[in-house]
Amino acid sequence: MIIEADVHAPPGPRIWAIGGGKGGVGKSVVTANLAVAVARTGERVAVVDADLGGANLHTMVGVPSPKLNLADFISRRVATLAEIMTPTPVENLWLISGAKALLETANPNFGQKGKMLRHIAMLDVDHVFLDLGAGTAFNVLDFFLVARKGILVVVPEATSVENAYFFIKAAYFRKLKQAQPRAQVKAAVDAVMNSRARERVRTPRDLMAQVMTVDADAGAALMEEASTFSPSIIVNRVERAEQARLGNEMGSACRDYFGIRLQCLGSFPADNLVRRSIDERRPAVDLFPQSSFAAAVRTTAAAFVRAPSEATG
Amino acid sequence: MSPARYEDWKLLDLEPGADLAEINTALRLRRALYQSGSLATYNLLDDDERRAMLERIDEAYRRVTGHEPPPSSSQPRGEPAAAPPVEEPSGPAPDPRTEPGALLAFHRRCRGLSIGQLSAETKIRVALLQQLESENTDELPEAVFVRGHVLTYARALGMDNPNEIAALYLAKVKLD
């Protein structure tokens, strides 16, 4: 599998943001195991617990009580994000903990968020994995959009699939909202959204079509923007063979229905050993390297390692 | 009948010029995606949109093949699909470097296809499919044909990297 290049890849670490519209789909388990698997290839990895309200990543990478966390950075007790990078028992893997940060920072303001993103981009590592919170709050969407790849974790359940589509739609509209530098485009979008045509806008594709009828130039600018939005998904807890197809099927549905590219980066099998690894507070890829889950994680991790560190052209 | 347009191929998830076996596979997969029991489109479309989409898929099929699509084998609306007649594989996918033949068989079973069904879709005879899966180097034809068969096989299953699989397969079996 080749991870599709993103034309907007900046220099610095490759940032992978992992979210999921729904809690309890195994986001943190997936993030921790991918980060460990990439670190085991010799690349330097920072894993950031950006679940600013329900942080528990630290336990999964074997750092029971990190001394410093994001709250120390946001409240300026430390000057740089690098200062709160905590070594983990895994070589080449550092943790930036969100633990205990919830009261002060669960809703960082715009400036704090921007500062955090700038510092993440300056970390002296090859990869940064951002474990985002559940839901579609603007903070989650903004971290998702700023990453090299925004990755949704879904499980083969109707509610998870439904949430994933909701998330994709929300992230896409958020992206369009952020990227309307031209007054002309904004005016055209507003004209659609404030008119009766709004009722016909259920998907990004509908919005594009409606804007096109109002202002063809603005429509073209929106389409240009849409082409840079390519989220991806990982299907977790796959139990039956036909569920392994879910990721690619959702990709097809997304393309047909939303006009959005959605790449599937892997299907991770349901594996009782994963639960045991959580109980033992160690990542499954280390504790049970022979498990089917670990094998699938390593395959996806290899694609992250192969992804070019800087987009060309 | 109007000629096939690029959009028709795209709607079937195919590149223009795909052969009939590929088109039939695509039709089956696309119909499955938009049936009402499909998990991947859960709550994404309402019933009218589903029907419209299935009609568009059949229409695209008519234009690219020039004939009527086979009747849909779909179950009554809302019913789960029948269990595939082929035993589903368990465990992880085999490593394409060390067991490319087993990987092909794994993906075939994942799609619920028997060797016979795959033979019907790919027009590769059953015995040869079996030899491909078992990496039976004594019986396999020359490398250039094996490459073609592996490509056809991988494409018929909708695998996303047929060229890579074919290269790994040839690297493994080392045919002269």
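Residues numbered from 1 in each chain as written. Chains lettered and ligands numbered in written order. Predicted model: local features only at pLDDT ≥ 70, side-chain atom pairs only at ≥ 80, totals over all residues.

Asks: I keep staring at the overall build of chain B and nothing clicks. Help me out?
Replies: If you tally the helices and strands in chain B, you get eight helices and zero strands. Each of the three principal axes of chain B carries a C-alpha extent, and together these read 55 × 40 × 25 Å. For chain B, buried positions account for 30% of its 176 residues. Put simply, 57% of the contacts in chain B that link residues at least 6 apart link residues at least 24 apart. (Helix = DSSP H or I, 4+ residues; strand = E, 2+ residues; numbered from the N terminus. Buried ≥ 20, exposed ≤ 12 C-beta atoms within 10 Å, placed from the backbone. Contact = placed C-beta atoms within 7 Å.)

Asks: Help me out: how do you make sense of the nonpolar core in this one?
Replies: All names here are of chain A. By size, the foremost hydrophobic cluster in this structure holds 132 residues, and its most contacted members are V47, L130 and I233. The dominant element in this core, judged by the number of residues it contributes, is helix α1 (residues 27-39), at nine residues. With near-sequence residues (within four places) excluded, I233 lies in contact with I151, L152, V154, A164, G247, M250, L262, C264 and L265. (Core = buried A, V, L, I, M, F, W, Y, C linked by C-beta atoms within 7 Å.)

Asks: Explain unusual backbone geometry to me, please; I cannot follow it from the model alone.
Replies: Glycine aside, a negative phi is what most residues show, and trans is what most peptide bonds show. Residue and element names in this part refer to chain B. Its identity as a non-glycine residue notwithstanding, D13 has a phi of 65°, on the positive side. As for its placement among the helices and strands, D13 is situated in the loop between α1 (6-11) and α2 (20-34). Of note in the backbone geometry, K123 takes a positive phi value of approximately 65° without being a glycine. Relative to the assigned elements, K123 resides in the loop between α5 (115-122) and α6 (126-134). On the basis of neighbour counts, which here come to 11 C-beta atoms within 10 Å, the residue K123 falls in the exposed class.

Asks: What's the story with the domain arrangement of chain B in this structure? I'm lost.
Replies: Interface size is commonly expressed as the accessible area that is lost once the parts come together. All names here are of chain B. The domains assigned to chain B are domain 1 (6-65) and domain 2 (100-173). Each of domain 1 and domain 2 has a C-alpha centre, and the two are 25 Å apart. With five residues of domain 1 at the interface, the matching set in domain 2 holds six residues. In the side of domain 1 that touches domain 2, the residues fall into two nonpolar, two polar and one charged. (Domains from an automatic or database assignment. Nonpolar A, V, L, I, M, F, W, Y, C, P; charged D, E, K, R; others polar.)

Asks: Just checking my understanding: could you explain the pairing of strand β6 (residues 149-154) of chain A for this structure?
Replies: Look at any regular strand and the pattern is simple: side chains alternate between the two faces of the sheet. All names here are of chain A. Along β6, six of the six residues are buried, which leaves the element largely enclosed by surrounding structure. Alternating positions in β6 separate into two faces, K149, I151 and V153 on one and G150, L152 and V154 on the other, with burial throughout. Here strand β1 (residues 14-20) pairs with β6 via four bridges, running parallel. Each bridged residue has a counterpart across the sheet, and for A17 the counterpart in β6 is G150. Judged from the four bridges that link them, β6 and strand β7 (residues 232-238) form a sheet pairing that is parallel. Residue pairing for β7: V153 is matched across the bridge by I234. (Pairing = 2+ DSSP bridges.)

Asks: Which parts of the structure should I look at to understand the packing of α1(A) against helix α14 (residues 292-306) of chain A?
Replies: When two helices pack together, their arrangement is given by the angle between their axes and by how far apart the axes lie. All names here are of chain A. Where α1 contacts α14, the axes come no closer than 9 Å and their chain directions differ by 60°. When the axes of α1 and α14 are compared, the pair comes out oblique. You can see that α1 and α14 cross each other, and the crossing is right-handed. Across from N33, L34, A37 and V38 in α1, the residues of α14 making contact are V297, R298, T300, A301, F304 and V305. Here the contact of α1 with α14 is built from residues that sort into seven nonpolar, two polar and one charged. (Axes fitted to C-alpha atoms, helices over the stretch in contact; angles between N-to-C directions. Parallel < 35°, antiparallel > 145°, perpendicular 65-115°, else oblique. Left-handed = near helix turned anticlockwise from the far one by under 90°.)

Asks: Just checking my understanding: could you explain the interface of chain B and chain A for this structure?
Replies: Residue-level contacts link 17 residues of chain B with 19 residues of chain A. Looking at the side of chain B that touches chain A residue by residue, the class counts come to nine nonpolar, four polar and four charged.

Asks: I keep staring at the packing of helix α7 (residues 143-156) of chain B against helix α8 (residues 162-173) of chain B and nothing clicks. Help me out?
Replies: All names here are of chain B. Between α7 and α8, the shortest axis-to-axis distance is 9 Å and the interhelical angle comes to 140°. Taken together, the axes of α7 and α8 are oblique relative to one another. Read as a crossing pair, α7 and α8 show a hand that is right-handed. Packed against α7, whose contacting residues are A143, V146, R147, V150, L151, A154 and R155, the element α8 presents P162, I165, A166, Y169 and L170 at the interface. For the contact of α7 with α8, a count of residues per class yields 10 nonpolar, no polar and two charged.

Asks: What is the right way to read the environment of A37(A) from this model?
Replies: All names here are of chain A. Within the element layout of this structure, A37 appears in helix α1. Spatially, the C-alpha atoms of A37 and P283 are 9.3 Å apart, while their sequence positions differ by 246 residues. The residues contacting A37, other than those within four sequence positions of it, are V285, V297, R298 and A301.

Asks: Would you explain the pairing of β1(A) in this entry?
Replies: Burial of β1(A) is extensive: seven of the seven residues sit out of reach of the surface. Here β1(A) shows two buried faces, one formed by R14(A), W16(A), I18(A) and G20(A) and the other by I15(A), A17(A) and G19(A).

Asks: Would you mind showing me how to read the sheet that holds strand β8 (residues 263-269) of chain A here?
Replies: Hydrogen bonds between backbone groups are what pair the strands of a sheet, and the pairing can be parallel or antiparallel. Residue and element names in this part refer to chain A. Strand order in the open sheet formed by eight strands is β3-β4-β2-β5-β1-β6-β7-β8, and the pairing between neighbours is mixed. Each having just a single partner strand, β3 (86-87) and β8 make up the two edges of the open sheet. Note that strand β2 (residues 45-50) and strand β5 (residues 127-134) share six bridges and pair parallel. Residue D49 lies in a different strand from β5, and its bridge partner there is D131. Strands β1, β2, β4 (93-96), β5, β6, β7 and β8 of the sheet are contacted by α1, whose axis makes an angle of about 175° with β5. This element, helix α6 (residues 138-146), spans β1, β2, β5 and β6 of the sheet and lies at about 155° to β5.

Asks: Sorry, what's going on with helix α11 (residues 246-257) of chain A here?
Replies: In this model, α11(A) (12 residues) spans 16 Å end to end at C-alpha, consistent with the 16 Å of a helix rising 1.5 Å per residue. Judged by how many residues are buried, α11(A) sits mostly within the fold: 11 of 12 residues are covered. Of all the positions in α11(A), only L246(A), G247(A), N248(A), E249(A), M250(A), G251(A), S252(A), A253(A), C254(A), D256(A) and Y257(A) are classed as buried. Here the buried face of α11(A) lies against α7 (158-178), β7 and β8 of chain A together with α2 of chain B. Count one or two residues on from α11(A) and you reach G259(A), which has phi positive near 75°. (Expected span 1.5 Å × (residues − 1).)

Asks: How should the environment of A221(A) be read in this particular structure?
Replies: All names here are of chain A. Residue position: A221 is located in helix α10 (residues 216-227). Using a count of 19 C-beta atoms within 10 Å as the deciding quantity, one classes A221 as partly exposed. Through-space distance from the C-alpha of A221 to that of D271 is 45 Å; in sequence the pair is 50 residues apart.

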